[in-house]
Amino acid sequence: MLSACLEVLGMGLCLLGSLLVMVACGLPMWKVTAFIDMNIVVAQTLWDGLWMSCVVQSTGQMQCKMHDSMLALSQDLQTARALTVISAVLGVAGLVVTIAGAQCTNCIKTESVKAKVVNAGGVVYIISGLLVLVPLCWMANNIIVDFYNPDVSSSKKREIGAAIYIGWAATALLLLGGTLLCCSCPQGAKSAYPIKYAPTKTISANGDFDKKHYV
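Keep in mind the model is a prediction, meaning the values are calculated, not measured.

1. Overview of the state of the cysteines
Part 1 of the reasoning: Enumeration over the complete set of coordinates arrives at one disulfide.
Part 2 of the reasoning: Covalently, Cys54 is tied to Cys64 through a disulfide, its sulfur atoms 2.0 Å apart. Where Cys54 bonds to Cys64 through sulfur, the torsion about that S-S bond is close to 105 degrees, and the disulfide is right-handed. Of the two residues, Cys54 sits in strand S3 (residues 52–57) while Cys64 sits in strand S4 (residues 62–66), which places them 10 residues apart along the sequence.
Part 3 of the reasoning: Judged by its relative accessible area of 1%, Cys54 is buried.
Part 4 of the reasoning: Cys64 sits in the partly exposed class, given a relative accessible area of 41%.
Part 5 of the reasoning: Its sulfur unpaired, Cys14 is 8.8 Å from the next cysteine sulfur, which belongs to Cys182.
Part 6 of the reasoning: Residue classification places Cys14 among the buried residues on the basis of a relative accessible area of 0%.

2. Some points on the sheet that holds S3
Part 1 of the reasoning: Taken in spatial order, the five strands make up an open sheet running S4-S3-S2-S1-S5, and their pairing is antiparallel. Strand pairing shows two members of the sheet lacking a second neighbour, S4 and strand S5 (158–160), which therefore form its edges. With strand direction ignored, the average angle separating the axes of adjacent strands in the sheet is 25 degrees.
Part 2 of the reasoning: Pairing between strand S1 (residues 31–33) and strand S2 (residues 44–48): two bridges, direction antiparallel.

3. Focus: the pairing of S4
In regular strands, side chains alternate between the two faces of the sheet.
Part 1 of the reasoning: With five bridges joining them, S3 and S4 adopt antiparallel strand pairing. Opposite Val55, over in S4, you have Gln63 as the bridge partner.
Part 2 of the reasoning: Counting the residues in the hairpin turn of S3 and S4 gives four residues, including Gly60, whose phi is positive at 100 degrees.

4. Comments concerning the pairing of S2
Part 1 of the reasoning: Examined bridge by bridge, S2 and S3 share five bridges and lie antiparallel to one another. Note on S3: the bridge partner recorded for Leu46 is Val55.
Part 2 of the reasoning: Here S2 hands over to S3 after three residues, the two strands then running antiparallel side by side.

5. Section: the packing of helix H2 (residues 75–101) against helix H3 (residues 111–147)
Part 1 of the reasoning: Orientation of H2 relative to H3, taken along the N-to-C sense of each, is 165 degrees, at an axis distance of 8 Å. By the angle class used here, H2 and H3 are roughly antiparallel. Of the two elements, H2 crosses H3, and the hand of that crossing is left-handed.

6. Considerations on the UniProt feature "transmembrane region" (unreviewed entry) in the protein chain
Part 1 of the reasoning: Feature annotation in UniProt assigns "transmembrane region" (unreviewed entry) to the following positions: residues 6–30, 82–102, 122–148 and 160–181.
Part 2 of the reasoning: End-to-end, the C-alpha atoms of residues 6–30 are 33 Å apart, and along that stretch the chain is 84% helix and 0% strand.
Part 3 of the reasoning: As a span, residues 122–148 carries 96% helix and 0% strand, and end to end its C-alpha atoms are 39 Å apart.

7. So, a nonpolar patch on the surface
Part 1 of the reasoning: A contiguous nonpolar surface patch, about 420 Å² in accessible area, is contributed by Leu15, Leu19, Met22, Val92 and Val96.
Part 2 of the reasoning: Those elements that place two or more of their residues in the nonpolar patch are helix H1 (2–26) and H2.
Part 3 of the reasoning: In terms of residue count, H1 provides more of the nonpolar patch than any other element does, three residues in total.
Part 4 of the reasoning: Considering the arrangement of structural elements, one finds Leu19 in helix H1.
Part 5 of the reasoning: You can call Leu19 partly exposed: its relative accessible area is 45%.

Calculation criteria
- Residues numbered from 1 in each chain as written.
- Predicted model: local features only at pLDDT ≥ 70, side-chain atom pairs only at ≥ 80, totals over all residues.
- Heavy atoms only, no water.
- Disulfide = S-S within 2.5 Å.
- Helix = DSSP H or I, 4+ residues; strand = E, 2+ residues; numbered from the N terminus.
- Buried < 20%, exposed > 50% of the residue type's maximum accessible area, 1.4 Å probe, protein only.
- Pairing = 2+ DSSP bridges.
- Axes fitted to C-alpha atoms, helices over the stretch in contact; angles between N-to-C directions.
- Parallel < 35°, antiparallel > 145°, perpendicular 65-115°, else oblique.
- Left-handed = near helix turned anticlockwise from the far one by under 90°.
- UniProt positions renumbered as here; feature names shortened; annotations may be inferred.
- Patch = residues over 30% accessible without salt bridge, like charges linked within 9 Å, V, L, I, M, F, W, Y side chains within 5 Å.
- Areas by Shrake-Rupley, 256 points an atom, 1.4 Å probe, with all protein chains shown as cover.
- Salt bridge = Lys/Arg side-chain N within 4 Å of Asp/Glu carboxyl O.

Below you can see the structure in the form of structure tokens.
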């Protein structure tokens, strides 16, 4: 019962984490305009994402433009694109693997094999979380370094956007959920081979052991 609860909880956390990875991948708010001047009343706000850049006017109107060329992007944006997409794909693959080995499904009959498949799904989710963590930390580090760099003009300084915070939350859910899936192995499935005992020797009527047990 405990293993089934851990399995369901871990699967739910991983599913939510994978959805948040997809949301963070699509949002344009990875880098946002930093308001560091004395006059905070500005006409527009700039958003920079993995796939597009957006300009939000003070009137509420928003205009977005897709990045023209991938090769023209900075190295951190290119890496973030690749790793977040791979992480999202691994999230879908982990879901398929985990459902195939779940205790509530009959895709696999052997309990020991089902436990190993669920553990494999947990490992896939952990790898997915680590892959999305790399571009998030890299991007946040570059934003912080540029923010405190005196050589960078105020108009080019950016702050950490909401998409990065969503990605960090997704990473935490994926790592926690994957760990729960790896720990959800039931006690009966830990031993793949049953224990066999030798038959006991019978005693004959005269008190001696039955001779059929001897060669």
